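Observations on the model geometry
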Amino acid sequence: MSNAVPGGATSAPEQEGHRLPTNVYPNLYELAIKTDLIASPPTFSGEALIHLDINKDSSEIQFHYHKTLTITHISISTSDLKTTSNLNLPLSNLKLNEENDFATLDLSSLPGGGLKQGQKSTKLFFRFESELKSAMHGYYRSEGDPDENGKKPIYGLTQFEATEARKAFPCWDEPLVKSKFSISMIAREKNTSLSNMPQVSEKPWKAPSNASIDNVFNENYELGSLLGGSVQLGKVEGQTEGKTEGKTEGKTEGKTESNEEGWKITKYETSPLMSTYLVAYASGEFVSLESAHHSKLTGKTVPLKIFATKDQIKQAQFGLDIKKWALPIYEEIFDIPYALPKLDTLVAHDFDAGAMENWGLITGRTTAYLYDPEKSPLSAKKRVAVVQCHELAHMWFGDIVTMKWWDNLWLNEAFATLMGELVILDRIWPEWKPRSEFLKTHLQGALDLDSQRSSHPIEVDCPDSNQIAQIFDAISYSKGASVLRMLASVVGEPTFLKGVSIYLKKHIYGNAETKDLWAGISEASGLDVAKIMKNWTLKVGFPVIKVEESGDGKIKLTQNRFLSTGDVKPEEDETLWYVPLEVATLDDSGKVSVDHKATLEERSTTYDLKGNDSFKLNAQTVGVYRVSYEPERLVKLGKEASKYTLEDRVGLLSDAATLARAGYSKTSGSLSLISEIVKGGEKEYLPWSQIGSSLSKLNGVWWEQSKEVKEALSKLRIDLFKPLIKNLGFDSKDKDELPEIKELRELVISTVAAAEDSEILKEIKERFEPFLKSNDDTKIPPDLQRTIFVNSIQHGGLEEYEKLLNVYNKPSNPSTKVDAMYALTSARDKSLLDRTFKMMGDGSVKDQDLYIFFFGLSANKYARRHIAEYFIKEYDTLMKRYPDGYGVNYLVKGAFSALSSHEDLKMVKDFFKDKDIRKYKSAVAQTCDSIQAAADWVQRDAGDVEQWLKEHKYL
Ligand SMILES: [Zn+2]
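Taking an unreviewed UniProt entry as the reference, the protein chain is identified by name as Aminopeptidase belonging to Kwoniella dendrophila CBS 6074. Under Sequence similarities (unreviewed entry), UniProt gives the following word-for-word description of the protein chain: "Belongs to the peptidase M1 family."

Structure follows, in structure tokens:
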């Protein structure tokens, strides 16, 4: 595989060799996992009794396990009509290919030379062990915050998606290979163990002294009996590191327990058929809150719990409540009951992703599930709601019906995003306007990423785990959800959801792929959905629709692929999308009507405006495309904008700014549109947020322009935003203030402060002062906390820094900790910045949080070059710290993507030229595309912007 920085979409190596053969599949895993949290380092050991279906005569079988897992015993039992034979296999029969985690087990020593097709009662036994590493993948350990004695709670939990179950036990680690799971957890008596299914029994446990591998297939063998003694890491006789050769005695090691504290074994019910990536378990000192879901469909009650460490449980109530509110709505929409007898959530201190939809045991970060009604900002509340609703959607979409392979990951993620972050949110919290906010949280991000040359189609070939890990991106989540939203608007949302229900019922407990979803929605709608959607999911990119006015009451509309660098080559521009045009027209009385029937399916078409002089495409911004108007039309639309909807204004502003950045139009045109919309009296948060984001992108890329130009850009922002503060103030006027007012206030004050308005900075200083001097935070409204923290360090000194370092070390809630991180990264003073950089490598920053430091530092123009240099200097250390590559994706973007010159681009490309970037190839390509687009933009439009600023008296 090439290590060079790629210019195109990811190429697809041969699928061959990346999928397990189908000759033997498991149908049931019996697992016993023993967790020793007191051992140093903490360890786990386990036994797996895997029941197999033999589909073909086989003299060897293949499955997955990872080299970090040490297999110590293997045995197999088979029977035909007459006899049963049990055979202990030497470890030398097992060969591991470390490249793809494929293990091959030689079974030729079985009577008859192997397994026979259809052979009944074939069971495979493994005993295995490993360190419980702080890896955030596989079965790993997490550390809580220190208690009053400075002791940190330690616990174990799993994260198996996408291909990490193989780090915890030997398995067929592919989503298509569904099995039942019967799990037992062995833990210290004081610990609570959790798994996907409800507990059936819990009793004291002691390893029987006479346990032997010779009787693991006996009826009365209790799984886990060989797990006595402490794990001797790396001490398996004859085994070299990462390989399983040689031989181990088939007996318990008979070592003494690491201490006298007692053990217990907890058994769980057997699960329904489930993919390995959804298996979960955990063990530690947890406490819980409990509520219940009463299913209208089944009449049954499903207990709902949320688990956390003792110090955090009081902030978990809201996270728990959401399950109770959302489950009945999901059941009603899908017309399928929640499938398991219980649903737990576990809040974790170390978590790589945001959260994970393990069936019956959802897990996630503290910021994803903890909320303090007194002290947390609205954004934290929304985050908990969004994440919990997203994961709950997966209980159906993903968990009951699972994609066949990772190339259809988008089916899981796009759907959970659409349901959890739009449909359900809109039913529970309509006041948050989630339908409109979707433009900001997903559509824009999707269009941004997908406008890069390095983007990939929604359905993307991903043969191996390197590629699989990289498709958990805005294309699978946000573009996927955006095209589903567009489809829902074409067929109507109730019909869309009916089609989804048909799809789920048809594939319940099984696997499916994209065409199956289209078939369900086609059945509900009578439309050929596969034809409409084909190029949206199978082809990279999206179109820009060019509008040309001929003056005869007709417009010519042409579609072409849109690239952020504005340099589409003919061979990149061959796709024609099915584009719902959604033409909105404005009549003389100011009434808007929308033509929902018009589509563009060819390269171009003409559209008759039927005498209307005022029109706009992509009404409500439902389409996944950009619209490029003639400059005069854009000015006219700016003046009429208040007559169109909020979503229309957001779309207009966003299209204009993006097209200017890509060179399809001038930045001055986008600035004039902003002026017009502000002059029209814009009041709503989302258009203002779009204006803020367009100007902050301009400001970010213009960071190395002259001081005068930068000051003029600040004046512009102050001029536009500051007048709003008069009405908004710093404090809420009443308790029931609308959410969007809180958000607008936060946006306006942070923007004016970023533009360094002295009056606002003075007020921020005064509000921070009581907190600094006497820990009195009553003058710091939760929604403004981040802005106040960040500006206090930016314009303060050592005292402010020390104060917020304390907050970071002892935060009152998870979002406050994140606010403190952003503050520590926004220092301007070199000695303070040096301290922040030092923290990143001295154990003060959790692996899960390092990317926040990177993003904070890259947003700080006093640290932007420094963070790029840091990445280069610390490259080897960072690679060791994130061996799986997941975290590195964010670090690459954080380190480099705010740079904006052609020299920077060359520097980044040169740096990665000789590196093995397989695990974060997309991040490098996307970063290079961003720098290129920014560098081209500033080169092309610096004069145009300067001119506009002069004309408008800012310069
Ligand atoms: Zn998800």
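A few points about the overall build of the protein chain
When helices and strands are counted, the protein chain shows 28 helices and 31 strands. By the compact-globule yardstick of 30 Å for 955 residues, the protein chain fits well, its C-alpha radius of gyration being 29 Å. C-alpha extents for the protein chain along the principal axes are approximately 90 × 65 × 60 Å. Across the 955 residues of the protein chain, 60% fall into the buried class. Summarising the internal contacts of the protein chain: among those between residues at least 6 apart in sequence, 74% fall at separations of at least 24. Within the structure as shown, the protein chain displays about 37300 Å² of accessible surface, and the carbon and sulfur contribution to it stands at 49%. Counting 119 positive and 138 negative side-chain charges, the protein chain places the centres of these two groups 1 Å from one another.

Remarks on the coordination of the zinc ion
In this structure, His-390 (NE2), His-394 (NE2) and Glu-413 (OE) serve as the protein donors to the zinc ion, at separations of 2.0 to 2.1 Å. Counting along the primary sequence, the residues that act as donors to the zinc ion give the motif H-x3-H-x18-E. Here the residue His-390 and the residue His-394 both occupy positions in helix H3 (residues 378–394), the gap between them amounting to four residues, near one helical turn. Of the residues examined, His-394 reaches a relative accessible area of 0% and is grouped as buried.

Comments concerning the state of the cysteines
Under the defined criterion, the tally for this structure stands at zero disulfides. Considering cysteine sulfurs only, Cys-462 is the nearest to Cys-171, which forms no disulfide, with 18 Å between them. Here Cys-171 falls in the buried class, since its relative accessible area comes to 0%. Exposure remark for Cys-462: the relative accessible area of 0% places this residue in the buried category.

With respect to H3
Here H3 contains 17 residues, and its C-alpha end-to-end distance of 25 Å stays within 8% of the 24 Å for a straight helix at 1.5 Å per residue. Burial of H3 is extensive: 14 of the 17 residues sit out of reach of the surface.

Looking at the UniProt feature "site: Transition state stabilizer" (unreviewed entry) in the protein chain
UniProt feature "site: Transition state stabilizer" (unreviewed entry): in the numbering of this structure it lies at Tyr-477. Note that Tyr-477 resides in helix H7 (residues 475–491). If sequence neighbours within four positions are ignored, Tyr-477 has contacts with His-390, Glu-413, Ala-414, Thr-417 and Phe-472. Among the polar contacts made by the side chain of Tyr-477, one reaches the side chain of Glu-413 at a distance of 3.4 Å.

A few points about empty space enclosed by the protein
Inspection of the entire model under this criterion finds eight cavities of 30 Å³ or more. Every residue along the wall of the second largest cavity is listed here: Lys-382, Glu-431, Trp-432, Lys-433, Glu-437, Leu-646, Glu-684, Tyr-685, Leu-686, Pro-739, Glu-740 and Glu-743. Top contributing element to the lining of the second largest cavity by residue count: helix H17 (residues 739–754), with three residues. Looking at the lining of the second largest cavity, its residues break down into five nonpolar, no polar and seven charged.

Some thoughts on the environment of Pro-26
Within the element layout of this structure, Pro-26 appears in strand E1 (residues 24–36). What makes Pro-26 buried here is its relative accessible area of 3%. C-alpha separation for the pair Pro-26 and Pro-434, spaced 408 residues apart in sequence, amounts to 43 Å.

Some points on the sheet that holds strand E23 (residues 543–549)
One open sheet holds the four strands; their spatial order is E29-E24-E23-E31, and the pairing between them is mixed. Only two strands of the sheet have a single partner each, and these edge strands are strand E29 (604–608) and strand E31 (626–628). Within the sheet, the average angular offset between the axes of one strand and its neighbour, ignoring direction, is 25°. The pairing of E23 with E31 spans three bridges and is classified as parallel. When the bridges of E31 are listed, Ile-545 appears paired with Val-627. Contacting E23 and E31, helix H12 (residues 646–661) crosses the sheet at an angle of about 75° to E31.

Describing the sheet that holds strand E12 (residues 192–195)
Pairing between the strands of a sheet comes from backbone hydrogen bonds, and it takes one of two forms, parallel or antiparallel. Read across the open sheet, the four strands follow the order E9-E10-E15-E12; overall the sheet is antiparallel. Whereas interior strands pair on both sides, the edge strands pair on one side only; in this sheet they are strand E9 (138–143) and E12. Across the sheet, the axes of successive neighbouring strands diverge by a mean angle of 15°, strand direction being ignored. Looking at chain direction, strand E10 (residues 154–159) and strand E15 (residues 281–284) are connected through two bridges and run antiparallel. When the sheet's bridge partners are listed, Gly-156 is paired in E15 with Ser-283.

As for the packing of aromatic side chains
Under the counting rule described, the total for this entry stands at 49 aromatic pairs. Judged by centre distance (6.2 Å) and plane angle (80°), the ring pair of Tyr-851 and Phe-855 falls under edge-to-face. Note that Tyr-851 and Phe-855 are positioned in helix H23 (residues 850–859) at a spacing of four residues, about one turn of the helix. Members of the aromatic cluster, connected to one another through ring pairs, are Tyr-29, Phe-44, Tyr-139, Phe-160, Phe-169, Phe-181 and Tyr-281.

Some thoughts on the nonpolar core
The biggest cluster of nonpolar side chains holds 289 residues, and the ones touching the most others in it are Phe-169, Trp-172, Phe-496, Leu-617 and Phe-871. Considering every element that reaches this core, the biggest residue donor is helix H4 (residues 409–428), with 13 residues. Counting 10 residues, the second largest nonpolar core, distinct from the first, contains Leu-49, Phe-217, Tyr-221 and Leu-223.

Topic: the packing of helix H11 (residues 631–640) against helix H13 (residues 667–679)
Closest axis-to-axis distance for the H11/H13 pair is 8 Å, and the angle between their directions is 20°. Comparing the axis directions of H11 and H13 gives the class roughly parallel. In this structure, H11 crosses over H13, and the sense of that crossing is right-handed. For the pair formed by H11 and H13, the contact residues are Leu-634, Val-635, Gly-638 and Lys-639 on the first element and Gly-669, Leu-673, Glu-676 and Ile-677 on the second. Residue composition of the contact of H11 with H13, by class: four nonpolar, two polar and two charged.

Section: the packing of helix H15 (residues 707–721) against H17
Contact pair H15 / H17: the axes reach a minimum separation of 9 Å and the direction vectors enclose 150°. Viewed along their axes, H15 and H17 adopt a mutual orientation that is roughly antiparallel. In this structure, H15 meets H17 at a crossing whose hand is left-handed. Touching Arg-717, Ile-718 and Phe-721 of H15 are Leu-747, Val-748, Thr-751, Val-752 and Ala-754, all from H17. Looking at the contact of H15 with H17 residue by residue, the classes come out as six nonpolar, one polar and one charged.

Observations regarding a nonpolar patch on the surface
On the surface, Leu-273, Ile-508 and Tyr-509 cluster together into a nonpolar patch covering about 220 Å² of accessible area. Classification of Leu-273 as partly exposed rests on a relative accessible area of 32%.

Considerations on the environment of Pro-153
Tracing the backbone shows Pro-153 in the loop between E9 and E10. With relative accessibility at 26%, the residue Pro-153 sits in the partly exposed group. In this structure the C-alpha to C-alpha distance between Pro-153 and Lys-310, which are 157 residues apart in sequence, comes to 9.7 Å. In contact with Pro-153, other than residues within four places in its own chain, are Ser-142, Glu-143, Gly-144, Asp-145 and Thr-309.

Observations concerning helix H28 (residues 921–951)
The terminal C-alpha atoms of H28 lie 44 Å apart, and with 31 residues this matches the ideal 45 Å at 1.5 Å per residue to within 8%. Of all the bends in H28, the greatest, near 55°, is centred on Asp-941. Of all 31 residues that make up H28, 22 are buried, and the element is covered over most of its length. Positive backbone phi, approximately 65°, marks Lys-953, located one or two places after H28.

What counts and how
- Residues numbered from 1 in each chain as written.
- Predicted model: local features only at pLDDT ≥ 70, side-chain atom pairs only at ≥ 80, totals over all residues.
- Heavy atoms only, no water.
- UniProt positions renumbered as here; feature names shortened; annotations may be inferred.
- Helix = DSSP H or I, 4+ residues; strand = E, 2+ residues; numbered from the N terminus.
- Rg over C-alpha atoms; globule rule 2.2 N^0.38 Å.
- Buried < 20%, exposed > 50% of the residue type's maximum accessible area, 1.4 Å probe, protein only.
- Contact = heavy atoms within 4.5 Å.
- Areas by Shrake-Rupley, 256 points an atom, 1.4 Å probe, with all protein chains shown as cover.
- Lys, Arg positive; Asp, Glu negative; His and termini not counted.
- Charge placed at Lys NZ, Arg CZ, Asp CG, Glu CD.
- Donors = N, O, S within 2.8 Å, 3.2 Å for Na, K, Ca; no water.
- Disulfide = S-S within 2.5 Å.
- Expected span 1.5 Å × (residues − 1).
- Polar contact = N/O pair within 3.5 Å; in protein donor to acceptor, adjacent residues only side chain to side chain.
- 1 Å grid on protein atoms, 1.4 Å probe; cavity = no way out; pocket = protein on both sides within 12 Å on 5 of 7 lines; lining within 4 Å.
- Points joined across faces, edges and corners; volume = space filled by probe spheres on them.
- Nonpolar A, V, L, I, M, F, W, Y, C, P; charged D, E, K, R; others polar.
- Pairing = 2+ DSSP bridges.
- Axes fitted to C-alpha atoms, helices over the stretch in contact; angles between N-to-C directions.
- Phe/Tyr/Trp six-rings, centres within 6.5 Å; stacked < 30°, edge-to-face > 60°.
- Core = buried A, V, L, I, M, F, W, Y, C linked by side-chain atoms within 4.5 Å.
- Parallel < 35°, antiparallel > 145°, perpendicular 65-115°, else oblique.
- Left-handed = near helix turned anticlockwise from the far one by under 90°.
- Patch = residues over 30% accessible without salt bridge, like charges linked within 9 Å, V, L, I, M, F, W, Y side chains within 5 Å.
- Salt bridge = Lys/Arg side-chain N within 4 Å of Asp/Glu carboxyl O.
- Bend = angle between axes of the 7 residues up to and from the residue.

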